[in-house]
Amino acid sequence: MPRPSYPQPDHTDPGAPPEGRRHRIRAASRRALRGTTGPAARDPGARQPPPGPQYTPHVNPTLRTAAAYAWRILAVGAVVYALFAALGRFHELAVAVFLGLVMTAVLRPIADLLARPMPRPIAVAVVLLGSIALVLGALTLVGEAVAGERTGLEREFSDGLGRIEHWLEGPPFRLDPKTLDDLQTKVGQYLSSHRSTLISTAVSGVGRLVEAVTVLALALFCSVFFMHSGDRQWDWFCEQLPEKVQDRVAIAGRAAWRTFTGYTRGIILVAGTNAVFVGLGLFALGVPLALPLALLEFFAAFVPLIGSPIALAIAAVVALAAKGPVVAAVVLVLVVVIGQIEGHLLHPLVMGWAVRLHPVVVALSVIGGAIAAGVLGAVVAVPLVSVLWSVRQALRRAGETVPGQG
């Protein structure tokens, strides 16, 4: 039989608000008394943002990578700029050390050969004294050649300038003869009116000569110790560094020295070959000052790409003044031939193993070095870039062969 159900008494007050609503009303009253307002009542139908971290805009991965590389490049550029600024402030010391390294790269193999039958200090002294005597002998020979041809040179250049004037007066230039006369008069007036400036320039040139002699003496002093005990000095330097970087610095140093010595010996061989070709060609054509122009070609070849053409252009001007336009045209042909031999034969054979740089990189390095530090910057730029590239390649190979280093 089913149990009957009885109605249960309801003890709640229908007019009383629910408990949650009562608490919200009390909290709103307290905020109103304090003069603050709370968050607006939530609309049950409104869409609420999902819980969690706030939304961040999407950045293209390529742009993110480019920005990361950009600030690193700026940091490296700032360090390089500071380094060059310090070298510019003490450029005499930098030039002396550079010349000392050049002398060491050229003369150390001879010193090592002589050190077998005799003590090393004596071998170094013999090599240095012999090289100094050789350079002074070459300069004396050039001076004697210029002095011996002085009288003939003055007459040939005077006649050559007259031929050039007549040539400019004819077709296709057809210059007015009065223009050339006025030019000579203006040059004389300029020299007479700026005599004090020229004298001060000559005095400053004497000061530069003293500075150059000082730098050369310091370079010789450095080269003595580099040839005698340069390897021990480098080992001592590596030992002063933290132990974790000693191996990498040693690898970088060996790669840098190998590239620097290869470049130095290669460029000297290329410059000597160019000088011999130029000297023989000018001597066969009867151009005066063949030996000094050949020596100029030797030093100009140390500036890649642009040095040899400039030296040969000067030789063409001398040939034009002394022998006329036909011989000058032959010298210009000689410029092209020597440039082709240097670019397609000497550089690939002699320097290809030491300097593995694209011609565009070489050209940009030379121009950038010339803008930054003049002729000296143009000479130093290519070996510096070559050394940096070889160090980078050596460290990369070391990181690939040794796990955990990169």
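Residues numbered from 1 in each chain as written. Predicted model: local features only at pLDDT ≥ 70, side-chain atom pairs only at ≥ 80, totals over all residues. Heavy atoms only, no water.

Undergrad: Help me understand the packing of aromatic side chains in this model?
TA: The way to describe two aromatic rings as a pair is by their centre distance and the angle between their planes. Applying the stated rule across the entire model yields 6 aromatic pairs. Ring plane angle 80 degrees and centroid distance 5.4 Å describe the contact between Phe298 and Phe299, whose orientation is recorded as edge-to-face. Aromatic ring contacts, followed pair by pair, group Phe98, Trp257 and Phe260 into a single cluster. (Phe/Tyr/Trp six-rings, centres within 6.5 Å; stacked < 30°, edge-to-face > 60°.)

Undergrad: Just checking my understanding: could you explain the pattern of salt bridges for this structure?
TA: Note on pairing: side chains with opposite charge can pair once their charged atoms come close. Scanning the entire structure with this criterion turns up 3 salt bridges. Residues Asp112 and Arg108 are paired through a salt bridge, measuring 3.8 Å at the closest nitrogen-oxygen approach. Of this pair, Asp112 and Arg108 both sit in helix 3 (residues 91-114), separated by 4 residues, roughly a single helical turn. The partly exposed category is assigned to Asp112, whose relative accessible area is 32%. Between Arg120 and Asp112 there is a salt bridge, with the nearest N and O atoms lying 2.6 Å from each other. Three or more residues are tied together by salt bridges with common partners; here these are Arg108, Asp112, Arg120 and Asp231. (Salt bridge = Lys/Arg side-chain N within 4 Å of Asp/Glu carboxyl O. Helix = DSSP H or I, 4+ residues; strand = E, 2+ residues; numbered from the N terminus. Buried < 20%, exposed > 50% of the residue type's maximum accessible area, 1.4 Å probe, protein only.)

Undergrad: Explain the packing of helix 8 (residues 243-285) against helix 9 (residues 290-300) to me, please; I cannot follow it from the model alone.
TA: If you want to describe how two helices pack, look at the angle between their axes and the distance between the axes. Running from amino to carboxyl end, helix 8 crosses helix 9 at an angle of 155 degrees, the nearest separation of the two axes being 8 Å. Overall, the two elements helix 8 and helix 9 adopt an arrangement that is roughly antiparallel. As for the relative orientation of helix 8 and helix 9, their crossing is right-handed in sense. Only Ala290, Leu293, Ala294, Glu297 and Phe298 of helix 9 make contact with helix 8, whose side of the interface consists of Ile268, Ala271, Gly272, Asn274, Ala275, Val278, Gly279, Leu282 and Phe283. A breakdown of the residues in the contact of helix 8 with helix 9 according to their chemical character gives 10 nonpolar, 3 polar and 1 charged. (Axes fitted to C-alpha atoms, helices over the stretch in contact; angles between N-to-C directions. Parallel < 35°, antiparallel > 145°, perpendicular 65-115°, else oblique. Left-handed = near helix turned anticlockwise from the far one by under 90°. Contact = heavy atoms within 4.5 Å. Nonpolar A, V, L, I, M, F, W, Y, C, P; charged D, E, K, R; others polar.)

Undergrad: Sorry if this is basic, but what is going on with unusual backbone geometry here?
TA: Residues apart from glycine generally show negative phi values, whereas peptide bonds are mostly found in trans. One non-glycine residue, Leu289, lies in positive phi territory at about 60 degrees. We classify Leu289 as buried; its relative accessible area is 18%.

Undergrad: Help me understand the nonpolar core in this model?
TA: Nonpolar side chains in soluble globular proteins generally cluster together in the buried interior. In this structure, Leu282, Val287, Leu293, Ala319 and Val331 are the most contacted members of the largest nonpolar core, which totals 18 residues. Elements represented by at least two residues in this core include exactly helix 8, helix 9, helix 10 (307-323) and helix 11 (325-351). Membership of the second largest hydrophobic core comes to 11 residues, among which are Ala271, Ala301, Val303 and Leu357. (Core = buried A, V, L, I, M, F, W, Y, C linked by side-chain atoms within 4.5 Å.)

Undergrad: So what exactly am I meant to see when it comes to the environment of Val385 here?
TA: You can see Val385 is positioned in helix 12 (residues 359-401). With relative accessibility at 27%, the residue Val385 sits in the partly exposed group. Put simply, Val385 and Val366 are 19 residues apart on the chain and 9.9 Å apart in space, counted from C-alpha to C-alpha. Among all residues touching Val385, those that are not within four sequence positions of it are Leu357, Val361 and Ser365.

Undergrad: When you look at a nonpolar patch on the surface in this model, what are you seeing that I'm missing?
TA: On the surface, Val76, Val80, Leu83, Phe84, Leu87, Leu384 and Leu388 cluster together to form a nonpolar patch covering roughly 620 Å² of accessible area. For the nonpolar patch, the leading source of residues is helix 2 (residues 61-89), giving 5 residues. For Leu388, the position within the fold is in helix 12. Residue class for Leu388 comes out exposed when judged on its relative accessible area of 54%. (Patch = residues over 30% accessible without salt bridge, like charges linked within 9 Å, V, L, I, M, F, W, Y side chains within 5 Å. Areas by Shrake-Rupley, 256 points an atom, 1.4 Å probe, with all protein chains shown as cover.)

Undergrad: What is the right way to read the confidence of the model for the protein chain from this model?
TA: The predicted coordinates ought not to be read in detail in places where the model reports low pLDDT. Here the protein chain averages 77 in pLDDT, while 68% of its residues score no lower than 70. Averaged over each element, pLDDT in the protein chain is lowest for helix 1 (residues 19-34) (60) and highest for helix 3 (90). Here residues 8-12 is a poorly scored stretch, pLDDT under 50, and it has 0 contacts once near neighbours within four places are set aside; other chains count. The model gives residues 36-41 a pLDDT under 50, and that stretch makes 3 contacts with residues more than four places away or in other chains. (pLDDT = per-residue confidence, 0-100.)

Undergrad: Looking at this model, I keep getting lost on a positive patch on the surface. Mind explaining?
TA: Taken together, the side chains of Arg254, Arg258, Arg356 and Arg397 make up a positively charged region of the molecular surface. According to the relative accessible area criterion, Arg258 is partly exposed, its value standing at 47%. (Lys, Arg positive; Asp, Glu negative; His and termini not counted. Charge placed at Lys NZ, Arg CZ, Asp CG, Glu CD.)

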